[in-house]
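Structural overview
What follows is the residue order along each chain.
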Amino acid sequence: MSLQPNLDSLPSSETNEFSAEERRSLLTLARDAIASALEGKTVDTTSPSEHLAERRGAFTTLTIGGELRGCVGYVFPNYSLYRTIAETAVAAATNDTRFSPVTMEELPKLEYEISVLSPLQPIDPEDVEVGKHGLVVTFGGRRGLLLPQVPVERGWDRETFLAQTCVKAGLPADAWERGATMQAFTAEIFGSE
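The structure contained in this document is the topic of the report that follows. Since we're looking at a predicted model, the values are computed, not measured.

**Side note on helix 1 (residues 20-38)**
Look at helix 1: 27 Å from first C-alpha to last across 19 residues, which is about the 27 Å you get at 1.5 Å a residue. Among all positions in helix 1, only Glu 22, Arg 23, Leu 26, Leu 27, Leu 29, Ala 30, Ala 33, Ile 34, Ala 35 and Ser 36 are buried. Those residues of helix 1 that are buried lie in contact with helix 2 (50-53), strand 1 (58-64), helix 3 (81-94), strand 3 (111-117) and strand 8 (187-191). Once helix 1 finishes, Gly 40 follows within two positions and takes phi at roughly 80°, a positive value.

As structure tokens, this is what we get:
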């Protein structure tokens, strides 16, 4: 019996919900929020439109020359998308524990990628589609998340994607077969050129 009643209720990652202007606005906000934070200032997070004021989960990923420099996000829609992007951009630049904080010298080199998440939906492991779904695995107080682009970038098949999401949660790789809760989401992904 399927835990996930209607897989088609997840929006397609090929459909653009956000206009080119909205995408530019969010990417500019990410850049400005980081620059302001590095100068000890804050950026205005008042949304310029009702659409960008909607509560959404999102991740901001920073790279330099194709190498990861930081990635932080909110899975749950706690704040407006506009505020979420400002906060996750600053956190990716200054609080991703895998990296030292971004410096002013690095700021012009940063490339930005934003992933705006759909709501989470329960999903059975056999229904997970690489390239379409991002995953959240939860078991025994541990939670791990991988964005939809991760398995594509790394050439993983479905089972490897499931296993690596478990590993990200600090769980055994086969926890997805032993009762871990699986939730899927899609993401609209866009970035700086």
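**Some details on the packing of helix 1 against helix 3**
The interhelical angle for the contact between helix 1 and helix 3, taken along N-to-C directions, is 45°, at an axis separation of 8 Å. It follows that helix 1 is oblique to helix 3 by the angle criterion. As for how helix 1 packs across helix 3, the hand of that crossing is right-handed. For the pair formed by helix 1 and helix 3, the contact residues are Ser 25, Leu 26, Leu 29, Ala 30, Ala 33, Ile 34 and Ala 37 on the first element and Leu 81, Tyr 82, Ile 85, Ala 86, Ala 89, Val 90 and Ala 93 on the second.

**Quick word on the sheet that holds strand 7 (residues 181-185)**
Spatially, four strands are ordered 4-7-5-6 in an open sheet, and the strand pairing comes out antiparallel. Of all the strands in the sheet, just strand 4 (121-122) and strand 6 (142-146) have a single pairing partner and so form its edges. Two elements, strand 5 (residues 134-139) and strand 6, share five bridges in a ladder whose sense is antiparallel. When the bridges of strand 6 are listed, Val 137 appears paired with Gly 144. Contacts from helix 5 (residues 158-168) reach strand 5, strand 6 and strand 7 within the one sheet, and its direction differs from that of strand 6 by about 130°.

Quick notes on the rules
Residues numbered from 1 in each chain as written. Predicted model: local features only at pLDDT ≥ 70, side-chain atom pairs only at ≥ 80, totals over all residues. Heavy atoms only, no water. Helix = DSSP H or I, 4+ residues; strand = E, 2+ residues; numbered from the N terminus. Expected span 1.5 Å × (residues − 1). Buried < 20%, exposed > 50% of the residue type's maximum accessible area, 1.4 Å probe, protein only. Contact = heavy atoms within 4.5 Å. Axes fitted to C-alpha atoms, helices over the stretch in contact; angles between N-to-C directions. Parallel < 35°, antiparallel > 145°, perpendicular 65-115°, else oblique. Left-handed = near helix turned anticlockwise from the far one by under 90°. Pairing = 2+ DSSP bridges.

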